[in-house]
Number of protein chains: 2
Amino acid sequence: MRVTDLIERKRDGGALTRDEWTALMRYYAAGDIPDYQMAAMAMAVYFRGMEDAEIEGLTAAMLESGERLSLGHLGRPRVDKHSTGGVGDKVSLVLAPLVAACGVAVPMMSGRALGHTGGTLDKLEAIPGFRTDLSLDRAVAQLERLGCVLIGQTDAIAPADRRLYALRGATATVPAIPLIAASIMSKKLAEDLTGLVLDVTTGAGAFMTRLEDSLALARTMIALGERRGCRTVALLTDMDAPLGVACGNAVEVEESIALLRGGGPDDVREVTLALATEMLLVAGVAADAAAARARAVRALTSGDALEMFGRIVVAQGGPVGLVDAPAAHLAAAPVRRVIAADRDGFIQRVEPRVVGSAIITLGGGRSRTTDAVDPAVGVLVHVRPGARVAAGDPLLTILARSEAGAAAAASELAVAVSLAEAPPPARALISHRVTAAGVEELPGTVTH
Amino acid sequence: MRVTDLIERKRDGGALTRDEWTALMRYYAAGDIPDYQMAAMAMAVYFRGMEDAEIEGLTAAMLESGERLSLGHLGRPRVDKHSTGGVGDKVSLVLAPLVAACGVAVPMMSGRALGHTGGTLDKLEAIPGFRTDLSLDRAVAQLERLGCVLIGQTDAIAPADRRLYALRGATATVPAIPLIAASIMSKKLAEDLTGLVLDVTTGAGAFMTRLEDSLALARTMIALGERRGCRTVALLTDMDAPLGVACGNAVEVEESIALLRGGGPDDVREVTLALATEMLLVAGVAADAAAARARAVRALTSGDALEMFGRIVVAQGGPVGLVDAPAAHLAAAPVRRVIAADRDGFIQRVEPRVVGSAIITLGGGRSRTTDAVDPAVGVLVHVRPGARVAAGDPLLTILARSEAGAAAAASELAVAVSLAEAPPPARALISHRVTAAGVEELPGTVTH
């Protein structure tokens, strides 16, 4: 096998065999194939795509490059959720304890913020003492005890993916659907899951801005999961505006606790309940969607989900009593500045990328993976597209470390919210449900 | 300037500015931009192409990354030839002394064999003692004295091209016309040439198999040369069969000496005279094509070209008397094996890649740049497409180091020559002449 021949074949629109992908990734993970050859291959894949068997071979090779959990002994279904990310998306923090409180094991493996999108790990680490870098053994022990653990991807899981993922970031080959699907699924399939629910975000603040790309990604990932016996379902959710009110690490933890108490903003609550419903269904612990949703709602109203979150926080090194008095434990920004509407009108757009970028400016996000993150800063988004506002109504609140930071963020955020005479066309908050059986359009919930 | 942004722009079909290409290549040559980013860029260029201004910027950046000759003091025109390569192509060995004998300075910079194509440097080094690694100062001194020097590309010339060229070979991004054109022209323009003649080979044994690719490459290189004041002309020549009889390093030197004596196979002689005519025209030393050709023919018949070659050989370390008794100085293969026609018929094809590959098997070529080359081995091709043969007529002679080598080559060469009842359609030996003014189809010479 000459690597240049494989690159050439892909470049010319051909397919590699499953064995060729296996060999390629094995040598790549071992350092025997240089980054420059894999970079050329990734760019060729960007232009030529991959056949289903190729994606499966790549996923298997990355999965098999590392350790895999073995969770059959838990005696209950194991379900995780993966989101393709967005701004203000704190769903994981609520969903994991909620579903665990319903008797399903949730080994949730999350990522960090990069670019305009936030990351669950950074949000969790806004909780003083919270550790996300547990060893796999400790994670399994916590799963046995509590039924839920919230960790980051370790070097032990899919190291070949880790190397390719970093390379793609440096070579403008991130947005290749086969590579995205293989990357996500190689990590998720290492968790020995019974089922997986995918939150495929779509819109200006998401990685995918076009519906057809989101559908293609969802279908590809579902095929990969189902072929390995993991029941996989995807919801396409709207990420054309920030989700909820709080955007920033500590404030998102606070909003998550409000959601776990049964309150919080409607849009996050709705997305969380919809994903929880799917997780309970793929886990096989509810007879139908109505029963699953009722059970999820009960976990919120009964306090079980909140109690589970409190136990997880303590188990992973966070403070006792966080859920009762979040403000006493979470970092607060010393400077607050409100941006108000300068006239009457309807909110046309709230640009998620502008909000995400302002959070980076404030020190709460990352433009490089090595950047440190300030948990206290952020932006509160008081309005959603379609809302009617009067001149003087607060649109955004900037939470800054300093006056200078607030001023810099305010100047960026000047273009974040646009007003018009009439409301914008409605967008579905959850537009499609994708399963192995096909695509269902969901006409119900709209964002406004 | 973020490199990923530049790659992304090219990936999406946009153009880089001239300054961006300059900066990219400067940092790349310095090692500050890693190979993997340039590999992704090269693959994006393969799919998206480059605009004229981009190719010019890239060429200029590679040219300016190294030293450049300054030859104005020679007091005569400086002309070089570049061929895109083939099998049995020993034209440079004849052409350089021939044109130099006509009063034109020829600073000829050549390459080595790679893959199925031969390389002028390897042929020259079949001459015992011949040095092709002269310093630029020594090369200029020889140009002043003799008017001709035959050297390899040094690290001093266009080092950025050298690095990119090696990378392209390892990443299946060689056949991107803008990158080929920029690579060739960045080296040629460093020679401070008055004029340049391009031999763009086309056919099964060439790099380009399609006429439109050859024309596109010719036009791109001509634009690059003319824009920098170097008169540039291209001939499209046939490389659908080996050129001449001798294929292999020592035997090609021998055939070159026969050509310099005014003999040798018709096809090589014709291509050489056509290229010589163009070189004398761009040099401005002949009034028209007829006068230029007559002058070139005279240099062969008078013995001036042969004498010039003998002087170059001695000046660069080769033996005195080589041209008078080549067999006394050149390595000969101990084993010869003839492959004969098994029936009557017309030669349909002589596959140049099969011949080239058999030479690698015999040890006379390279599959990797680090392979050593045996000068003695080779293949003599006694027939050209269209020739009528009778059963038992010799088709090929294998020149091998050992019986085992001959057997291995014979088994490869079994498919090299195909016979048919009728002759194949005629192909033009020199099909097109391309200048800044446009493309001329040349109806005259055909291969058979």
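The helix and strand inventory of chain A stands at 17 helices and 14 strands. For 448 residues, the compact-globule estimate of 2.2 N^0.38 gives 22 Å, and chain A sits close to it at 22 Å. With respect to the principal axes defined by its C-alpha atoms, chain A has extents near 65 × 45 × 40 Å. Within chain A, the fraction of its 448 residues that count as buried is 59%. Look at the contacts in chain A between residues 6 or more apart in sequence, and 76% of them connect residues 24 or more apart.

With that settled, the discussion passes to the interface of chain B and chain A. At the interface, 21 residues of chain B touch 21 residues of chain A. Taking both sides of the interface into account, the surface hidden between chain B and chain A amounts to around 1,700 Å²; carbon and sulfur atoms contribute 72%. Taken as a group, Arg11, Tyr36 and Phe47 of chain B account for 36% of the area that chain B buries against chain A, more than any other trio of residues on that side. On the surface where chain B and chain A come into contact, there are zero salt bridges. At the surface where chain B touches chain A, the tally comes to eight residue pairs in polar contact (both at pLDDT 80 or more).

What follows covers the sheet that holds strand E6 (residues 246-247) of chain A. All names here are of chain A. With respect to topology, four strands assemble into an open sheet ordered E6-E9-E11-E7, the strand pairing being antiparallel. Every interior strand has two partners, whereas the edge strands, E6 and strand E7 (335-340), have only one. Alignment of E6 against strand E9 (residues 378-381), held across two bridges, turns out to be antiparallel. Within the sheet, the bridge partner assigned to alanine 246 lies in E9 and is leucine 380. Running over the sheet, helix H16 (residues 352-362) touches E6, E9 and strand E11 (394-400) and is turned about 145 degrees from E9. Strands E7, E9 and E11 of the sheet are contacted by helix H17 (residues 403-413), whose axis makes an angle of about 20 degrees with E7.

Moving on to the domain arrangement of chain A. All names here are of chain A. The domain architecture assigned to chain A consists of domain 1 (3-49), domain 2 (72-326 + 431-441) and domain 3 (331-420). Taken residue by residue, the interface counts 14 residues in domain 1 and twelve residues in domain 2. Roughly 1,100 Å² of surface becomes buried between domain 1 and domain 2 when both sides are summed, with 74% attributable to carbon and sulfur atoms. Counting across the domain 1 and domain 2 interface gives one salt bridge. For arginine 163, the salt bridge is made with aspartate 35, and the minimal N-O distance between the two is 3.1 Å. Taken together, domain 1 and domain 2 are joined by two residue pairs in polar contact (both at pLDDT 80 or more). Sorting the residues of the side of domain 1 that touches domain 2 by element identifies helix H2 (18-29) and helix H3 (35-48) as the ones contributing at least two each. Here the element with the most residues in the side of domain 1 that touches domain 2 is H3; it accounts for seven residues.

With that settled, the discussion passes to the sheet that holds strand E10 (residues 388-389) of chain B. Residue and element names in this part refer to chain B. Taken in spatial order, the three strands make up an open sheet running E10-E8-E12, and their pairing is antiparallel. Two strands lie at the open edges of the sheet, namely E10 and strand E12 (417-420), each paired on one side alone. Across four bridges, strand E8 (residues 345-350) lies against E12 in antiparallel orientation. By the bridge assignment, valine 350 is partnered in E12 with valine 417.

On to the side chain of threonine 22 of chain B. Inspection of the secondary structure assignment puts threonine 22 of chain B in helix H2 (residues 18-29). Beyond its immediate chain neighbours, meaning those up to four positions away, threonine 22 of chain B contacts Gly57 and Ala61 of chain B.

Attention now moves to the relation of the copies chain B and chain A. After a rotation of 179 degrees and a shift along the axis of 0.1 Å, chain B superposes on chain A with an RMSD of 0.1 Å. Both copies of the chain, as the preceding transformation shows, are related through a two-fold rotation axis. Ranked by how close their C-alpha atoms come to the rotation axis, the residues of chain B are headed by tyrosine 36 of chain B, at 1.8 Å. Interface overlap between copies is the fraction of interface residues in one copy that are interface residues in the other; for chain B against chain A it reaches 100%, indicating a shared surface.

Here we come to the environment of asparagine 249 of chain A. All names here are of chain A. Along the polypeptide, asparagine 249 turns up in helix H11 (residues 249-260). Of the residues examined, asparagine 249 reaches a relative accessible area of 5% and is grouped as buried. When the C-alpha atoms of asparagine 249 and valine 377 are compared, they prove to be 7.4 Å apart, with 128 residues separating the residues in sequence. In this structure asparagine 249 touches Gly119, Asp122, Lys123, Ala126, Gly364, Val373, Asp374, Pro375 and Val377, once residues within four positions along its chain are discounted. Reaching out from asparagine 249, the side chain makes a polar contact with the backbone nitrogen of lysine 123 at a distance of 3.5 Å.

A few words on the nonpolar core. With 132 residues, the main nonpolar core has Leu24 and Met25 of chain A together with Leu24 and Met25 of chain B as its most contacted residues. Contact partners of methionine 25 of chain A, with chain neighbours within four places excluded, come to Met38, Leu58, Ala61, Met62, Ala160 and Leu164 of chain A.

Here we come to the pattern of salt bridges. Counted by the stated rule, this structure contains 66 salt bridges over all chains. Between aspartate 240 of chain A and arginine 427 of chain A there is a salt bridge, with its nearest N and O atoms 3.5 Å apart. One end of the pair, aspartate 240 of chain A, is in the loop between strand E5 (231-238) and E6; the other, arginine 427 of chain A, is in the loop between strand E12 (417-420) and strand E13 (430-435), and 187 residues separate them in sequence. Between glutamate 64 of chain B and arginine 228 of chain B there is a salt bridge whose closest N-O contact spans 3.7 Å. One end of the pair, glutamate 64 of chain B, is in helix H4 (residues 52-64); the other, arginine 228 of chain B, is in the loop between helix H10 (211-227) and strand E5 (231-238), and 164 residues separate them in sequence. Salt bridges sharing common partners tie together Asp238, Asp240, Arg349, Glu351 and Arg427 of chain A.

Below, the discussion takes up H16 of chain A. It helps to recall that an α-helix has 3.6 residues per turn; residues three or four apart then point in one direction. All names here are of chain A. For H16, the full list of buried residues reads Pro352, Val354, Val355, Gly356, Ala358, Ile359 and Leu362. Contacts from the buried residues of H16 go to E6, strand E8 (345-350), E9, E11 and H17. Of the residues one or two after H16, glycine 363 is the one with positive phi, at around 100 degrees.

So, about the packing of helix H8 (residues 159-170) of chain B against helix H9 (residues 177-188) of chain B. All names here are of chain B. Contact geometry of H8 with H9 gives a least axis separation of 10 Å together with a crossing angle of 145 degrees. You can see that H8 and H9 cross each other, and the crossing is left-handed. Facing Asp161, Tyr165 and Arg168 of H8, the residues of H9 in contact are Leu179, Ile180, Ser183, Ser186 and Lys187. Partitioned by chemical class, the residues of the contact of H8 with H9 number three nonpolar, two polar and three charged.

As a further point, take the pairing of E13 of chain A. Residue and element names in this part refer to chain A. Among the six residues of E13, six are classified as buried, and the element is accordingly described as predominantly covered. Judged from the four bridges that link them, E5 and E13 form a sheet pairing that is antiparallel. If you follow threonine 237 over to E13, its bridge partner there is isoleucine 430. In the sheet, E13 pairs with strand E14 (residues 438-441) via four bridges, with the strands oriented antiparallel. By the bridge assignment, valine 434 is partnered in E14 with valine 439. Here E13 hands over to E14 after two residues, the two strands then running antiparallel side by side.

Glancing now at the packing of aromatic side chains. Here the distance between the centres and the angle between the planes together describe a pair of aromatic rings. All names here are of chain A. Overall, the coordinates contain three aromatic pairs over all chains when judged by the stated rule. Centre to centre, the rings of tyrosine 46 and phenylalanine 47 are 5.2 Å apart; their planes meet at 85 degrees, and the pair counts as edge-to-face. Judged by its relative accessible area of 25%, tyrosine 46 falls in the partly exposed class. The class of phenylalanine 47 is partly exposed, set by a relative accessible area of 23%.

What follows concerns helix H7 (residues 136-146) of chain A. All names here are of chain A. Among the residues of H7, Leu136, Ala139, Val140, Gln142, Leu143 and Leu146 are the ones counted as buried. Take H7 and look down its axis: the buried residues cluster within an arc of 160 degrees, on one side only. Those residues of H7 that are exposed and angled more than 90 degrees off the buried face are Asp137 and Arg145. Among the structural elements, strand E2 (106-110), strand E3 (148-152) and helix H14 (304-315) are those in contact with the buried residues of H7. Once H7 ends, the next one or two residues include glycine 147, with phi positive near 85 degrees.

Reading the values: the criteria
Residues numbered from 1 in each chain as written. Chains lettered and ligands numbered in written order. Predicted model: local features only at pLDDT ≥ 70, side-chain atom pairs only at ≥ 80, totals over all residues. Heavy atoms only, no water. Helix = DSSP H or I, 4+ residues; strand = E, 2+ residues; numbered from the N terminus. Rg over C-alpha atoms; globule rule 2.2 N^0.38 Å. Buried < 20%, exposed > 50% of the residue type's maximum accessible area, 1.4 Å probe, protein only. Contact = heavy atoms within 4.5 Å. Buried area = accessible area lost by both parts, 1.4 Å probe. Salt bridge = Lys/Arg side-chain N within 4 Å of Asp/Glu carboxyl O. Polar contact = N/O pair within 3.5 Å; in protein donor to acceptor, adjacent residues only side chain to side chain. Pairing = 2+ DSSP bridges. Axes fitted to C-alpha atoms, helices over the stretch in contact; angles between N-to-C directions. Domains from an automatic or database assignment. Least-squares fit on C-alpha atoms with pLDDT ≥ 70 in both. Core = buried A, V, L, I, M, F, W, Y, C linked by side-chain atoms within 4.5 Å. Left-handed = near helix turned anticlockwise from the far one by under 90°. Nonpolar A, V, L, I, M, F, W, Y, C, P; charged D, E, K, R; others polar. Phe/Tyr/Trp six-rings, centres within 6.5 Å; stacked < 30°, edge-to-face > 60°. Arc of directions from axis to C-beta.

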